[in-house]
Amino acid sequence: MNFFVGSRDIFIEIEFFHAFINQEFLGITFRALKSAYMSLRMVFYLISCIFIYFVIPSWSYNSMKSFLQKNANVVSSTSKFSSLTSHFPDRFSVAPMMDYTNRHQRKLQRWLTKHTTLYTEMVVATTIIYTKQLDRHLEADFTLEEPLVLQLGGSIPSQMKEAAKIAYDYGYRQFNLNVGCPSDTVADNGCFGAALMLKPDLVSELVLAIQESLPTPLPVTVKCRLAVNNEESYEFLYNFVETVSTKGKIKHFIVHARNAILGGKFSPDQNRKIPPLKYHYVYRLMNDFPHLYFTLNGGLQTYEEIEDKLVPLESNLGNLQNKVHGVMVGRSIINQPFYWRNIDSRIYSSVDPGMVLLRFCYFVNSK
Ligand SMILES: Cc1cc2nc3c(=O)[nH]c(=O)nc-3n(C[C@H](O)[C@H](O)[C@H](O)COP(=O)(O)O)c2cc1C
């Protein structure tokens, strides 16, 4: 630079200028790099935020959802006639209970056990025929709740036929006739519920009416008592079962093993407690009707009691002494639902579904 410019002042000025330029240039470069780095950081930060707050939660939600749906499908695809339970699918059932076994209770129950047979509350035939709110009475999640039985109440065969057809079209594939409800409102109203124990011919007509309404043969069963009022003989029960099984073509009876006392003497609650249980009557039915299936109901509360009474899974129905094909539990399910979380492993030699709480959280969150 000295070579081109003679003046010392100018030289100093130019040196100064150069220094200034260099410094400024470095400063600008540094600032540019710094702001580029800051921008990159900001972009990285923004992308991380998008991942953390949107992508990852949505991914885990979707995978959780598909996982749960896959599990629900596993539940729904559990065939009633899978090899596991081929000789008798209804080893364990949850009793139909008015105001309890609605679709919410059944959903929880199905999360606890895949194999148990579930029942609806009793739905009266005329309600199905005349209601303007069919969903309110019949709604069910068929993909989840099967095996599911609709319990029907009624005493007029033509109505029973019409109601069963509506229920079939709605999605039900198993039907049960209530011949055990001792409530006076039911017993007096056209004589149905436990009062039908006195009319085995009418019961046969009712169950035939249900079967005729179905386009293909499907399970139709009867839930009954031992007898009514002070009828104590085994022969009464024997005649009832013989008539209904032959005339009504019923193969499976669920027996609440105590009498029903009609006429308003006992409340429904007392009628489930006071008349003594006689399991041995049901064991006798097992011996006398080896071609039929029997489910024992009434007062069962523990796995040990049940395991003791059930025909073993491996058995070829050899020794039926004091054994039944299936059991049905009612109030104990209401009183201690989570005690019954091991039904699949203990009764069906299968695997318990588990993860009930997780499914429940997903269910609550999806509401
Ligand atoms: C609250 C309640 C409601 C019931 N509703 C019905 C019903 O709608 N249909 C029926 O057949 N039995 C009904 N039952 C009787 C039960 O299905 C079962 O036969 C009875 O409770 C005996 O079984 P458990 O000793 O295991 O409870 C009801 C029982 C209870 C406790």
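Just so it is clear, the structure is predicted and the values come from calculations on it, not from any experiment.

Definitions and limits used
Residues numbered from 1 in each chain as written. Predicted model: local features only at pLDDT ≥ 70, side-chain atom pairs only at ≥ 80, totals over all residues. Pairing = 2+ DSSP bridges. Helix = DSSP H or I, 4+ residues; strand = E, 2+ residues; numbered from the N terminus. Axes fitted to C-alpha atoms, helices over the stretch in contact; angles between N-to-C directions. Contact = placed C-beta atoms within 7 Å. Buried ≥ 20, exposed ≤ 12 C-beta atoms within 10 Å, placed from the backbone. Left-handed = near helix turned anticlockwise from the far one by under 90°. Nonpolar A, V, L, I, M, F, W, Y, C, P; charged D, E, K, R; others polar. Expected span 1.5 Å × (residues − 1).

**Some remarks on the sheet that holds strand β6 (residues 252-256)**
Strand order across the open sheet formed by eight strands is β1-β8-β7-β6-β5-β4-β3-β2, with parallel pairing between neighbours. At either margin of the open sheet sits one strand with a lone partner, and together these are β1 (92-94) and β2 (118-124). Taken pair by pair, the neighbouring strands of this sheet meet at an average axis angle of 25°, ignoring direction. Sheet analysis places β6 next to strand β7 (residues 293-297), joined by five bridges and oriented parallel. Each residue of the ladder has a partner; that of F253, found in β7, is F294. The strands that helix α8 (residues 200-213) touches are β4 (175-179) and β5 (220-224); relative to β4, the one it contacts most, it runs at about 160°.

**What to know about unusual backbone geometry**
Between E146 and P147 the backbone carries a cis peptide bond, its omega angle lying at -5°. Along the polypeptide, P147 turns up in the loop between α5 (142-145) and β3 (148-153). Positioned with a positive phi, N229 is a non-glycine residue whose angle comes to about 55°. Note that N229 resides in the loop between β5 and α9 (234-247). One non-glycine residue with positive phi stands out, namely K249, at about 55°. Under the C-beta neighbour-count criterion, K249 is labelled partly exposed, with 13 such atoms within 10 Å.

**So, the packing of helix α6 (residues 157-170) against α8**
Relative orientation of the contacting elements α6 and α8 amounts to 35°, with a least axis distance of 8 Å. The chirality of how α6 crosses α8 is right-handed. Of the residues in α8, those touching α6 at P157, M160, K161, A164, K165 and Y168 are E205, L206, A209, I210, E212 and S213. Residue classes in the contact of α6 with α8 are distributed as seven nonpolar, one polar and four charged.

**Regarding α6**
Helical geometry: 3.6 residues make up each α-helical turn, so side chains three or four residues apart lie on a common side. In this model, α6 (14 residues) spans 20 Å end to end at C-alpha, consistent with the 20 Å of a helix rising 1.5 Å per residue. Along α6, the positions that sit buried rather than exposed are Q159, M160, K161, A163, A164 and A167. Of the surrounding secondary structure, the elements contacted by the buried residues of α6 are α3 (125-130), α4 (134-138), β3, β4 and α8. In the stretch just after α6, G171 is the one whose phi turns positive, near 135°.

**Observations regarding the pairing of β7**
Within a regular beta strand, the side chains point alternately toward one face of the sheet and then the other, so they alternate between its two faces. Burial runs high along β7: four of the five residues are buried. As judged from the three bridges shared by β7 and strand β8 (residues 326-329), these two strands associate in the parallel manner. Bridge assignment links T295 to a residue of β8, and that residue is G326.

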